[in-house]
Amino acid sequence: MSETKKFKTETKRLLNLMINSIYTNREIFLRELIANASDAIDKYHYLSLTNDKLEKRNDYKIELAFDKDKRTITISDNGIGMTKDEIINNLGTIAKSGSKEFMEKMESENLKEEDAREIIGQFGVGFYSSYLVADKVEVNTKSPFDSSSYRFTSDGIEDYSIEEIDKDSIGTSITLYLRKNDEDNNYDEYLDQYMLQSLVKKYSDFIRYPIQMTVEIEKPVFDKDGKETDKFEKTTEVRTLNSMIPVWKKPKAEVTDEEFNEFYKNKFYDYQDPLDTYEYNVEGNVTYTALLYIPKKAPYDLYTEKYEKGLQLYTKGVFIMDKCKELLPDYLRFVKGIVDSSDLSLNISREMLQHDHQLTKIAANLEKKYVKHLSEMQNDSPDKYREFFEAFGINLKFGVYNNYGEKKDLLQDLLMYKTIKNDQLISLKEYTLNMKEDQKYIYYVSAKNKEAVLSMPQMDALKAKDYDVLILNDDVDEFVMQILNKYDEKEFKSINQGDLDLLDKNEKKAIDQIAKDKKDLLTKIKDSLNGKVKDVVISTRLTSSPVCLVSGDGISFEMEKVMNNLPNGADIKAERILEINPNHDIFKVLEKISDDDNKLAEYSDVLFNQALVLEGFPVENPNEFITKMCNIMIEASKINEE
Ligand code: ADP
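Thresholds applied
- Residues numbered from 1 in each chain as written.
- Predicted model: local features only at pLDDT ≥ 70, side-chain atom pairs only at ≥ 80, totals over all residues.
- Heavy atoms only, no water.
- Helix = DSSP H or I, 4+ residues; strand = E, 2+ residues; numbered from the N terminus.
- Rg over C-alpha atoms; globule rule 2.2 N^0.38 Å.
- Buried < 20%, exposed > 50% of the residue type's maximum accessible area, 1.4 Å probe, protein only.
- Contact = heavy atoms within 4.5 Å.
- Areas by Shrake-Rupley, 256 points an atom, 1.4 Å probe, with all protein chains shown as cover.
- Lys, Arg positive; Asp, Glu negative; His and termini not counted.
- Charge placed at Lys NZ, Arg CZ, Asp CG, Glu CD.
- Core = buried A, V, L, I, M, F, W, Y, C linked by side-chain atoms within 4.5 Å.
- Axes fitted to C-alpha atoms, helices over the stretch in contact; angles between N-to-C directions.
- Parallel < 35°, antiparallel > 145°, perpendicular 65-115°, else oblique.
- Nonpolar A, V, L, I, M, F, W, Y, C, P; charged D, E, K, R; others polar.
- Pairing = 2+ DSSP bridges.
- Salt bridge = Lys/Arg side-chain N within 4 Å of Asp/Glu carboxyl O.
- Arc of directions from axis to C-beta.
- Left-handed = near helix turned anticlockwise from the far one by under 90°.
- Phe/Tyr/Trp six-rings, centres within 6.5 Å; stacked < 30°, edge-to-face > 60°.

Visitor: Lay out the overall build of the protein chain in plain terms, naming residues and giving numbers.
Guide: Of the regular secondary structure elements, the protein chain holds 22 helices and 23 strands. Rg of the C-alpha trace for the protein chain: 34 Å, well past the compact-globule value of 26 Å for 642 residues, more than 25% over. In terms of its C-alpha atoms, the protein chain occupies a principal-axis envelope of roughly 125 × 55 × 55 Å. Within the span of the protein chain, comprising 642 residues, buried residues form 49% of the whole. Considering only intrachain contacts with a sequence separation of at least 6, the fraction spanning at least 24 residues in the protein chain is 70%. About 32900 Å² of surface is accessible on the protein chain, with carbon and sulfur atoms providing 47% of the total. Here the protein chain carries 91 positive and 120 negative side-chain charges, and the mean point of each set is 2 Å from the other.

Below, the structure is given as structure tokens:
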């Protein structure tokens, strides 16, 4: 009895993409199906160690076959197989990670089909990639958890059918009926033993189970005396196509960079080579091998809640779990890789992981090693490190900030910033090494780029001193500065917060004198601003600009903006202090009108709003602001007429 079921809409869409795909890299179908077969064997093997229902076996294999006449390719495994429910849930629906993410990305970013096809490879669409080359797929499967066995058949368009079949052996066999050739596409190329052999070598060499194929070979014919003749006869032979040893089990010297990269791309569904690869073989207190990769680019979902960090965990080469999160601190969440340790028990469960001493030790050891590795990269391959930092630096920043700076000593040297003097990222150490002799602080400012910083009025005095200033780009940066507080005994100072401490004794005296003399005026301005500012002061940082707004020593404006933008944003306000340049003509104007309370209030308000705009805040009341500006202009022209 066969029953027919319809594909869900999103499955249909994905399949449709595959079927109509001109995806150049369609040969990945074989890699995907072999990976599935290998996963299925992993599952069987793992379960058989802990579940008596499954017979223990040691003849695991994946078989590859093709039939030129029928134009089929068959991939068979003796893995876990599928129950009827599993067929429906796994093949009839997009249930699995890769495909689902792919579709979600398509939807959420409204990708065009051409663009979507480009990135299929990134997601490892698994089983569905069969339809890149086939127009009909048949899956025969038997699970130890189902009394019957089944055949799933589908052309991948509207629906699929499931029927019971006779299949004695546990496992799965997938047959692809290749598409017809057309002008542009020749699918027959896959019906060739050399082609299949080379694809296995290219994509699946590290698969830990033998991938076997019966191949045709020509053998020389020997005569009666056992002498080789010049004749050949055709025979067949079963060959194992892959070398099977996982890359991390091979002696390092024998593994090429290409092999490491291929392994990475296969295992972690990336279409680009990794930025960096690192292997550790640790023996002693703990014993493990780790093969770790830094991707070139952050995966699109790295900063979403859905992203699961973690390393693949093996014990003595046997797969235990996919994303063991205990092995990676949050700030290394972008790292991909595997850890294989003989110290772990096979029966370890997710629940037990947190309390497993060996695992905790491995994690701590790995973290230290990894930070050391990053620091070596920073010193030895600065360009590569910059590329790394552009992609993942923000994670390290969070690492510094999190848990009240618990990791700041470990991570601070890995931080990099652009500065007004360096268009390339530099470390804090480089900054401090190049500080001016009389420079006490490490100055920073939040800004989009150098140009924006250089045009800030607050920069006047710093420019005169020729001090360098770190340019902060990420929301978390100012929080990082606060947590760090000091680097190499030097305090961090925002260029628009508090006292910059730039003046020498005499200059300071002079400013103090002005502040004293003009105390009444400053108080009047402050009062007229009606609580909008905490203080109005004579500026020590302005040389050419009339006014600027700075914040007190606690929360900065940038932090205020960041926190108010949080989903459940706290309504936090930084203290506002209006600074006035005593050497600017506008100050003389203020002195002149100081007896006219209305005028002083009007002028003060305009200046305050100008300072707001300079800080990237909106004008408080645009209508009122414009009216006041106009009044001032009209009056000015009257004076001229007089
Ligand atoms: P993924 O590989 O991301 O899991 P696939 O679409 O390739 O997604 O496969 C979906 C699911 O179908 C797999 O997770 C697995 O449960 C099941 N499956 C696929 N191939 C096999 C197989 N050869 N043996 C057993 N189960 C399989």
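Visitor: Break down the nonpolar core for me, citing the residues and quoting the values.
Guide: One finds Leu313, Phe388, Tyr443 and Leu470 to be the most contacted residues of the largest nonpolar core, which totals 75 residues. When residues in this core are grouped by element, the largest group, eight residues, is from helix H10 (residues 357-380). With residues near it in sequence (within four places) discarded, Tyr443 still touches Tyr431, Leu462, Tyr467, Asp468, Val469, Leu470, Lys493, Ile495, Leu500 and Leu502. In terms of nonpolar packing, the next biggest core, distinct from the first, is built from 66 residues, Ala40, Ile162, Leu191 and Leu199 among them.

Visitor: For unusual backbone geometry, give the residues involved together with the corresponding values.
Guide: For Tyr404, which is not glycine, the phi dihedral falls at a positive 55°. Take Tyr404: it is sitting in helix H11 (residues 382-405). The backbone phi angle of Asn530 is positive, close to 60°, even though this residue is not glycine. Note that Asn530 resides in the loop between helix H18 (519-528) and strand E21 (535-538).

Visitor: So what's going on with the packing of H18 against helix H21 (residues 597-614)? Which residues, and what values?
Guide: A packed helix pair is summarised by two numbers, namely the angle formed by the two axes and the spacing between the axes. Between H18 and H21, whose axes approach to 9 Å, the crossing angle comes to 75°. By the angle between their axes, H18 is roughly perpendicular relative to H21. Residues Leu521, Lys524, Ile525 and Ser528 of H18 form the contact with H21, whose own contacting residues are Asp597, Leu600, Ala601 and Ser604. For the contact of H18 with H21, the class distribution of residues is four nonpolar, two polar and two charged.

Visitor: Outline the sheet that holds strand E23 (residues 576-580), listing residues and values.
Guide: Strand pairing in a sheet is mediated by backbone hydrogen bonds. Such pairs are either parallel or antiparallel. As summarised here, the arrangement of the three strands in space is E21-E23-E22, forming an open sheet in which the pairing is mixed. This sheet does not close on itself; its edge strands, each paired only once, are E21 and strand E22 (547-551). Taking each pair of neighbouring strands and ignoring which way they run, the sheet shows an average axis angle of 30°. Pairing geometry for E22 and E23, over five bridges, is antiparallel. Looking across to E23, one finds that Cys548 is bridged to Glu579.

Visitor: Break down the pattern of salt bridges for me, with residues and values.
Guide: Enumeration according to the criterion identifies 41 salt bridges in this entry. A salt bridge links Lys70 to Asp67; the nearest nitrogen and oxygen atoms lie 4.0 Å apart. Given the relative accessible area of 60%, Lys70 is considered exposed. Salt bridges sharing partners connect three or more residues here, namely Lys532, Asp605, Glu620, Glu624 and Lys628.

Visitor: Could you give me a rundown of helix H3 (residues 84-91), with the residues and numbers involved?
Guide: For H3, every residue scored as buried is listed here: Ile87, Ile88 and Leu91. Around the axis of H3, the buried residues are gathered within 105° of arc, so they sit on the same side.

Visitor: Please provide a residue-by-residue account of the packing of helix H20 (residues 585-592) against H21, values included.
Guide: Relative to each other, H20 and H21 sit at 155°, their axes nearing to 10 Å. Relative to H21, the element H20 lies roughly antiparallel. Once H20 is placed against H21, the crossing between them reads as left-handed. Packed against H20, whose contacting residues are Ile586, Val589 and Leu590, the element H21 presents Leu600, Tyr603 and Leu607 at the interface. Split into classes, the residues belonging to the contact of H20 with H21 amount to six nonpolar, no polar and no charged.

Visitor: Before we move on, could you go through the sheet that holds strand E8 (residues 211-222) and cite the residues and values that matter?
Guide: The nine strands are arranged E1-E6-E5-E4-E7-E3-E2-E8-E9 in an open sheet whose pairing can be described as mixed. Among the strands making up the open sheet, the edge pair consists of strand E1 (2-6) and strand E9 (228-240). Between one strand axis and the next, the sheet turns by 20° as a mean value, whatever way the strands run. When strand E4 (residues 134-142) meets strand E7 (residues 171-178), the two strands line up antiparallel, connected through eight bridges. Each bridged residue has a counterpart across the sheet, and for Glu138 the counterpart in E7 is Thr175. On the sheet, helix H2 (residues 28-50) packs against strand E2 (62-67), strand E3 (72-77), E7 and E8 and is oriented at approximately 20° with respect to E3.

Visitor: Tell me about the packing of aromatic side chains, and please be specific about residues and values.
Guide: Inspection of every chain in the model, using the stated rule, returns 22 aromatic pairs. Taking the centre distance of 6.0 Å and the plane angle of 35° together, the rings of Phe388 and Phe392 count as tilted. Of this pair, Phe388 and Phe392 both sit in helix H11, four residues apart, roughly one helical turn. By the burial criterion, Phe388 is buried, and Phe392 matches it. Through a chain of ring-to-ring contacts, three or more aromatic side chains come together here, namely Phe7, Phe127, Tyr128, Phe152 and Tyr160.

Visitor: Lay out the environment of Ser147 with the relevant residues and their values.
Guide: Following the sequence through the fold, Ser147 ends up in the loop between E4 and strand E5 (149-154). On the basis of relative accessible area, Ser147 is assigned to the exposed category, the value being 71%. Along the primary structure Ser147 and Lys84 are separated by 63 residues, whereas in three dimensions their C-alpha atoms are 10.0 Å apart.

Visitor: Mind laying out the pairing of strand E12 (residues 311-315), listing which residues take part and the relevant values?
Guide: With five of five residues buried, E12 is to be regarded as a mostly interior element. Looking at chain direction, E12 and strand E14 (residues 336-341) are connected through three bridges and run parallel. Opposite Gln312, over in E14, you have Ile338 as the bridge partner.

Visitor: Could you give an account of the pairing of strand E11 (residues 288-294), naming the residues involved and the relevant values?
Guide: Burial runs high along E11: seven of the seven residues are buried. Covered by surrounding structure in E11 are Tyr288, Ala290, Leu292 and Ile294 together with Thr289, Leu291 and Tyr293, the residues of both alternating faces. As paired strands, strand E10 (residues 276-282) and E11 are joined by seven bridges and run antiparallel to one another. Residue pairing across strands places Asn281 opposite Thr289, the latter belonging to E11. The antiparallel hairpin formed by E10 and E11 contains five residues in its connecting segment, where Gly284 sits at a positive phi of about 135°. Both E11 and E14 contribute to a ladder of six bridges, which runs antiparallel. Pairing of Tyr288 across the sheet is with Ser341, part of E14.

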